[in-house]
Amino acid sequence: MGESWFMGDERKMFDQLLGDIDSLSAEDLREPLEEIVSGFSSFGAYEEWVNWYHYLLVALIPRGNHHYLESMFEYLITGFIGLYPNGIEVAPYKGFRTDVMRTLGRCIMEKECWDGSDIVVGRLLHRSNNNPNKVWCWWNASGDFSSSMFFCLKYLPEEEIATWLKSVLRISSAHWRAQLIVWLVGANNFFQDEFFWPAELKQNVQPRVAWAWSHCLRANMESNPRGALLVDKPAFLPRENRLAALRVLREEITEHRYLEWLESMSSYPYLLEEMGHTTQSFEKLYLKDLRRR
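Residues numbered from 1 in each chain as written. Predicted model: local features only at pLDDT ≥ 70, side-chain atom pairs only at ≥ 80, totals over all residues. Heavy atoms only, no water.

K.L.:
I keep staring at the pattern of salt bridges and nothing clicks. Help me out?
P.N.:
All chains considered together, the criterion is met by seven salt bridges. The partner of Asp-144 in a salt bridge is Arg-127, with the nearest N and O atoms 3.5 Å apart. With Asp-144 in helix H5 (residues 143–155) and Arg-127 in the loop between strand E4 (118–119) and H5, the pair connects residues that are 17 residues apart, well separated along the chain. A salt bridge links Glu-260 to Arg-177, with the nearest nitrogen and oxygen atoms 3.7 Å apart. Taken together, the residues Glu-260 in helix H10 (residues 255–265) and Arg-177 in helix H7 (residues 174–186) connect sequence positions 83 residues apart. Judged by relative accessible area, Glu-260 falls into the partly exposed class, the value being 37%. The network of salt bridges with common partners includes Arg-30, Glu-34 and Glu-70. (Salt bridge = Lys/Arg side-chain N within 4 Å of Asp/Glu carboxyl O. Helix = DSSP H or I, 4+ residues; strand = E, 2+ residues; numbered from the N terminus. Buried < 20%, exposed > 50% of the residue type's maximum accessible area, 1.4 Å probe, protein only.)

Here it is as structure tokens:
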């Protein structure tokens, strides 16, 4: 597989991929995954990257939560959206969509990342406060959380959205609930604006809901035979999925549930402290009745 750059005299080739993939670290795999993502975004579905993407998808899903800065499955999700920007019309084999949703769509739920109903802090979501300011950055959505949520919202059939989203809302982990509040605030424009793609996200706006190389995902992605027929400005999230999700949120996010979330997060003072005014933004967007009291 070669890099997504054709202007030089020599094109960099990733010969290490021809060997034992399992022996390569997340750091070793980061660059070729980035090249596939940027290649799809800039030049479309070149067969070289298409073949290598599907090969790496199968090889890396078992290690999706391994990370070097970002989780590997974030890159796999970005690559998948780049290859299938408007739906899965032409799949490699029958049952491909189901397989992908049951594997890539569930990487965030791998058992090594959970201790019962609680996430294992350090393995999932924001992983460390090892920085001069000793902050975790809970004011932003982590890339693993954000990419997983958008992936399921984009590719699940409409009739499965409600069941999936209700299961997301039922998870009792305080850290998960904190991320859900932050993500719902940051993702609100995606629910309200049919033509809002990740490339349009501003880097300095909080809460951030971007993930690994999601800036490559834009409305004018190159057309390819694997996606649905492109319209002038295709939607990132299917309209019927957005509406189904909004119906669930209106029904399920009650004052009682929200106060339960806040109470669980209060056991970890740094969560509410770092989230700052995001809780007020959440109330304004999703709990207007509570705000009026």
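K.L.:
Is there a simple way to explain H7 in this structure?
P.N.:
Helical periodicity: at 3.6 residues per turn, an α-helix aligns residues three or four positions apart in one direction. Relative to the 18 Å expected for 13 residues at 1.5 Å per residue, H7 spans 19 Å between its end C-alpha atoms, a close match to the ideal helical length. Across the 13 residues that make up H7, a large majority, 13, are buried. (Expected span 1.5 Å × (residues − 1).)

K.L.:
Even after reading the chapter, I still don't get empty space enclosed by the protein, so can you show me in this structure?
P.N.:
Where empty space is left in the structure can be found by rolling a water-sized probe over the atoms. A full pass over the atoms with the stated rule returns one cavity of 30 Å³ or more. The space that makes up the largest cavity amounts to roughly 30 Å³. In this structure, the largest cavity is lined by Ala-26, Arg-30, Leu-33, Tyr-68, Glu-70, Ser-71, Met-72 and Tyr-75. Residue assignment for the lining of the largest cavity shows that the elements contributing at least two residues are helix H1 (26–43), strand E2 (70–71) and helix H3 (72–83). (1 Å grid on protein atoms, 1.4 Å probe; cavity = no way out; pocket = protein on both sides within 12 Å on 5 of 7 lines; lining within 4 Å. Points joined across faces, edges and corners; volume = space filled by probe spheres on them.)

K.L.:
What is the right way to look at the packing of aromatic side chains in this model?
P.N.:
Following the criterion strictly, the structure yields 28 aromatic pairs and no others. Seen from their ring centres, Phe-43 and Tyr-46 are 6.4 Å apart, and the 70° between their planes marks the pair as edge-to-face. For Tyr-46, a relative accessible area of 39% puts it in the partly exposed group. Pairing Phe-145 with Trp-176 gives two aromatic rings, centres 4.9 Å apart and planes at 70°, and the pair type is edge-to-face. Note that Phe-145 is positioned in helix H5 and Trp-176 in helix H7, a separation of 31 residues in sequence. Above the plane of the ring of Tyr-155 lies Lys-154, whose end atom (NZ or CZ) is 5.7 Å from the centre. (Phe/Tyr/Trp six-rings, centres within 6.5 Å; stacked < 30°, edge-to-face > 60°. Lys NZ or Arg CZ within 6 Å of the ring centre and 35° of its normal.)

K.L.:
Any chance you could explain the environment of Ile-161 here in plain terms?
P.N.:
Looking at where Ile-161 falls in the secondary structure, it is placed in helix H6 (residues 158–170). Along the backbone, Ile-161 and Gly-105 are 56 residues apart, and their C-alpha atoms lie at a distance of 13 Å. Beyond its immediate sequence surroundings of up to four residues, Ile-161 is in contact with Cys-152, Leu-153, Leu-156, Asn-241, Ala-244 and Ala-245. (Contact = heavy atoms within 4.5 Å.)

K.L.:
How should I be thinking about the state of the cysteines in this particular structure?
P.N.:
Disulfide: a covalent bond connecting the sulfur atoms of a pair of cysteines. Evaluated as defined, the whole model comprises zero disulfides. Its sulfur unpaired, Cys-107 is 9.1 Å from the next cysteine sulfur, which belongs to Cys-113. The class of Cys-107 is buried, set by a relative accessible area of 1%. The closest cysteine sulfur to the non-disulfide-bonded Cys-152 is located on Cys-107, 10 Å from its own sulfur. (Disulfide = S-S within 2.5 Å.)

K.L.:
Help me understand the nonpolar core in this model?
P.N.:
Where a protein is soluble and globular, its nonpolar side chains tend to be buried together. Core analysis: the largest hydrophobic core is formed by 94 residues, its most contacted members being Phe-80, Leu-104, Trp-183, Phe-191 and Phe-282. Setting aside residues up to four positions removed in sequence, Phe-191 forms contacts with Leu-153, Trp-183, Leu-184, Arg-242, Ala-245, Leu-246, Leu-249 and Tyr-286. (Core = buried A, V, L, I, M, F, W, Y, C linked by side-chain atoms within 4.5 Å.)

K.L.:
Honestly, unusual backbone geometry in this entry has me stumped. Any pointers?
P.N.:
Negative phi values dominate among residues other than glycine, just as trans dominates among peptide bonds. Note the cis peptide between Gln-206 and Pro-207, where omega equals 0°. Considering the arrangement of structural elements, one finds Pro-207 in the loop between helix H8 (188–192) and helix H9 (239–252). Not every positive phi belongs to a glycine, and Lys-134 is a case in point at roughly 55°. As for its position among the elements, Lys-134 is in the loop between E4 and H5.

K.L.:
In this structure, what is going on with the side chain of His-126? I would like to understand it.
P.N.:
Residue placement: His-126 occurs in the loop between E4 and H5. Within the structure, the side chain of His-126 is placed 2.9 Å from the backbone oxygen of Cys-137, a separation counted as a polar contact. A polar atom in the side chain of His-126 sits 2.8 Å from the backbone oxygen of Asn-140. In contact with His-126, not counting residues within four places along its chain, are Trp-136, Cys-137, Trp-138, Asn-140, Ala-141, Ser-142 and Gln-179. (Polar contact = N/O pair within 3.5 Å; in protein donor to acceptor, adjacent residues only side chain to side chain.)

K.L.:
Sorry if this is basic, but what is going on with helix H12 (residues 278–286) here?
P.N.:
Buried within H12 we find Thr-278, Thr-279, Phe-282, Glu-283 and Tyr-286. All buried residues of H12 project into a common sector of 145° when viewed along the axis, lining one side. (Arc of directions from axis to C-beta.)

K.L.:
For this particular structure, what's the right way to read a negative patch on the surface?
P.N.:
Taken together, the side chains of Glu-158, Glu-159, Glu-160 and Glu-240 define an acidic patch exposed on the protein surface. It is H6 that provides the largest number of residues to the negative patch, a total of three residues. Tracing the sequence through the fold places Glu-240 in helix H9. (Patch = residues over 30% accessible without salt bridge, like charges linked within 9 Å, V, L, I, M, F, W, Y side chains within 5 Å. Areas by Shrake-Rupley, 256 points an atom, 1.4 Å probe, with all protein chains shown as cover. Lys, Arg positive; Asp, Glu negative; His and termini not counted. Charge placed at Lys NZ, Arg CZ, Asp CG, Glu CD.)

Nothing here speaks to function; it is geometry throughout.
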